[in-house]
Amino acid sequence: MPQLDFSLQIASNDTQLPNRHMFRRWIRATLRVDTALTIRIVDAEEGRLLNANYRGKDYATNVLTFPLTEEPHLMGDIVICAPVVAKEAAEQGKSILAHYAHMTVHGVLHLHGYDHEIEAQAELMEAIEKTVLSKLGFANPYAE
């Protein structure tokens, strides 16, 4: 099993956040190699600022991944925007925990180099997400 060095930073006033153990479980289910990872939970203002600065998009998005290095192991940061995740979960009719699990798995896959900008890669990434989330006891996040 890959080694995990995990840090959780809470920079949000949201009260519906998963705990450290949940995040660790979701990360471990997705990891393929040794990884040092920080997850930072933010409010909309910080999420918007990061998305604008790093992606040129002036809105808060659900998850951002910042890979730092691949050698000698993966290292990076994942930023999850609490109000966006809560809003999306409500709109999609899923539990907030299910959506946090999905955003965590999605972010870890980005850290591993997966992307969804190209259709074939998006299909592969979604298939892995569905498999990992199913093993964790969550429904297909893409089901309508």
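To be clear, the structure that these remarks concern was listed above.
Residues numbered from 1 in each chain as written. Predicted model: local features only at pLDDT ≥ 70, side-chain atom pairs only at ≥ 80, totals over all residues. Heavy atoms only, no water.

Trainee: Whenever I open this one, the overall build of the protein chain confuses me. Can you help?
Mentor: A tally of helices and strands in the protein chain yields five helices and four strands. Secondary structure elements in the protein chain, listed N-terminal to C-terminal, are β-α-β-α-β-β-α-α-α. Over its C-alpha trace the protein chain gives a radius of gyration of 14 Å, about what one expects of a compact globule, namely 15 Å for 144 residues. Projected onto its principal axes, the C-alpha positions of the protein chain cover 35 × 35 × 35 Å. Of all 144 residues assigned to the protein chain, the portion counted as buried reaches 42%. (Helix = DSSP H or I, 4+ residues; strand = E, 2+ residues; numbered from the N terminus. Rg over C-alpha atoms; globule rule 2.2 N^0.38 Å. Buried < 20%, exposed > 50% of the residue type's maximum accessible area, 1.4 Å probe, protein only.)

Trainee: I keep staring at the packing of helix α1 (residues 20-30) against helix α4 (residues 96-111) and nothing clicks. Help me out?
Mentor: The packing of two helices is summarised by the inter-axis angle and the distance between the axes. Packing of α1 against α4 leaves a shortest axis separation of 9 Å and a crossing angle of 45°. As judged from the angle between their axes, α1 and α4 are oblique. As α1 runs across α4, the sense of the crossing is right-handed. Where α1 approaches α4, its residues M22, F23, W26, I27 and T30 are matched on the opposing element by L97, Y100, A101, T104, V105, V108 and L109. (Axes fitted to C-alpha atoms, helices over the stretch in contact; angles between N-to-C directions. Parallel < 35°, antiparallel > 145°, perpendicular 65-115°, else oblique. Left-handed = near helix turned anticlockwise from the far one by under 90°. Contact = heavy atoms within 4.5 Å.)

Trainee: What's the story with the pattern of salt bridges in this structure? I'm lost.
Mentor: Opposite charge on two side chains makes pairing possible when the charged atoms of those side chains draw close. Counted under the stated rule, the structure contains three salt bridges. Here R40 ties to E46 by a salt bridge, and the two come within 2.7 Å at their closest N and O atoms. Exposure remark for E46: the relative accessible area of 24% places this residue in the partly exposed category. Where R48 meets D58, a salt bridge forms, and the shortest distance between an N and an O atom there is 2.9 Å. Of this pair, R48 sits in helix α2 (residues 44-55) while D58 sits in the loop between α2 and β3 (63-69), placing them 10 residues apart in sequence. The class for D58 is exposed, based on a relative accessible area of 53%. (Salt bridge = Lys/Arg side-chain N within 4 Å of Asp/Glu carboxyl O.)

Trainee: Just checking my understanding: could you explain the side chain of N62 for this structure?
Mentor: Note on placement: N62 falls in the loop between α2 and β3. The exposure class assigned to N62 is buried, which follows from its relative accessible area of 17%. A polar contact is formed between the side chain of N62 and the side chain of E88, at a distance of 3.0 Å. Setting aside its immediate chain neighbours within four residues, N62 contacts V79, I80, C81, V84, V85, E88 and M103. (Polar contact = N/O pair within 3.5 Å; in protein donor to acceptor, adjacent residues only side chain to side chain.)

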